[in-house]
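Listed below are the residues making up each chain.
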Amino acid sequence: QVQLVESGGGLVQAGASLRLSCAASGLTFNSYFMAWFRLAPGKERELVAGILWSGSNTYYADSVKGRFTISRDDAKNTVYLQMNSLEPEDTAVYYCAAQKVLAGLIRPRGPYAYWGQGTQVTVSS
């Protein structure tokens with residue numbers, strides 16, 4: 001059974017940093033493109049960042065470029081999202097997602113086979 005378990009969310013003030021983690025089990029981790037999405041009240045789900053094997057390819061939404069960094073540790077089956085200079089607009093539930101890489105092709109916007117349960121990030125002004 002595949003599980004993606006996020007952790008690291010919380011309540012912080014603007015300008016602070018948080019590091020989210022997503023621990024995966026039940027899948028061949030290095031065969032998957034891993035991504036972070038977020039969902040804020042009244043907004044559509046947004047792809048925040050994605051990463052292919054050990055950082056060979058990364059993707060960032062324009063809204064987080066220069067502030068967020070995605071990384072992965074394939075030995076630990078874990079993907080991370082380092083979030084710096086947080087802004088109130090970053091407030092959302094953050095979800096980890098996994099997409100099987102087939103024939104070397106990835107589709108950052110989906111579909112994703114597996115999702116975590118989400119972790120809340122709240123940034124106060």
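Keep in mind the model is a prediction, meaning the values are calculated, not measured.

Procedures and definitions
Residues numbered from 1 in each chain as written. Predicted model: local features only at pLDDT ≥ 70, side-chain atom pairs only at ≥ 80, totals over all residues. Heavy atoms only, no water. Pairing = 2+ DSSP bridges. Helix = DSSP H or I, 4+ residues; strand = E, 2+ residues; numbered from the N terminus. Axes fitted to C-alpha atoms, helices over the stretch in contact; angles between N-to-C directions. Buried < 20%, exposed > 50% of the residue type's maximum accessible area, 1.4 Å probe, protein only. Contact = heavy atoms within 4.5 Å.

## Some thoughts on the sheet that holds strand E8 (residues 78-83)
Within the open sheet, the 4 strands sit side by side as E1-E3-E8-E7. Their pairing is antiparallel. Either end of the sheet is taken by a strand with one partner, and the two such strands are strand E1 (3-7) and strand E7 (68-73). Neighbouring strand axes in the sheet, compared pairwise and without regard to direction, differ in orientation by 15° on average. As paired elements, E1 and strand E3 (residues 18-25) share 5 bridges and run antiparallel to each other. In the strand pairing of E3, Gln3 is matched with Ser25.

## Examining the environment of Leu27
By secondary structure assignment, the location of Leu27 is in the loop between E3 and strand E4 (32-39). You can call Leu27 buried: its relative accessible area is 13%. Not counting residues up to four positions away in its chain, the partners in contact with Leu27 are Val2, Leu4, Tyr32, Asn77, Ala98 and Tyr114.

## Some details on the pairing of strand E9 (residues 92-100)
Sheet topology note: the E4/E9 ladder contains 8 bridges and is antiparallel. The residue bridging Met34 from the neighbouring strand is Ala98, located in E9.

## Considering the pairing of strand E11 (residues 119-124)
Only one face of E11 is buried, namely the one carrying Thr119, Val121 and Val123, since none of Gln120, Thr122 and Ser124 on the opposite face is buried. Where strand E2 (residues 10-13) meets E11, 4 bridges bridge the pair, whose relative direction is parallel. Paired with Leu11 across the strands is Thr122, a residue of E11. Bridging between E9 and E11 involves 3 bridges; their strand directions are antiparallel. Bridge pairing links Val93 to Gln120 in E11.

Interpretation in functional terms is not warranted from these geometric data alone.
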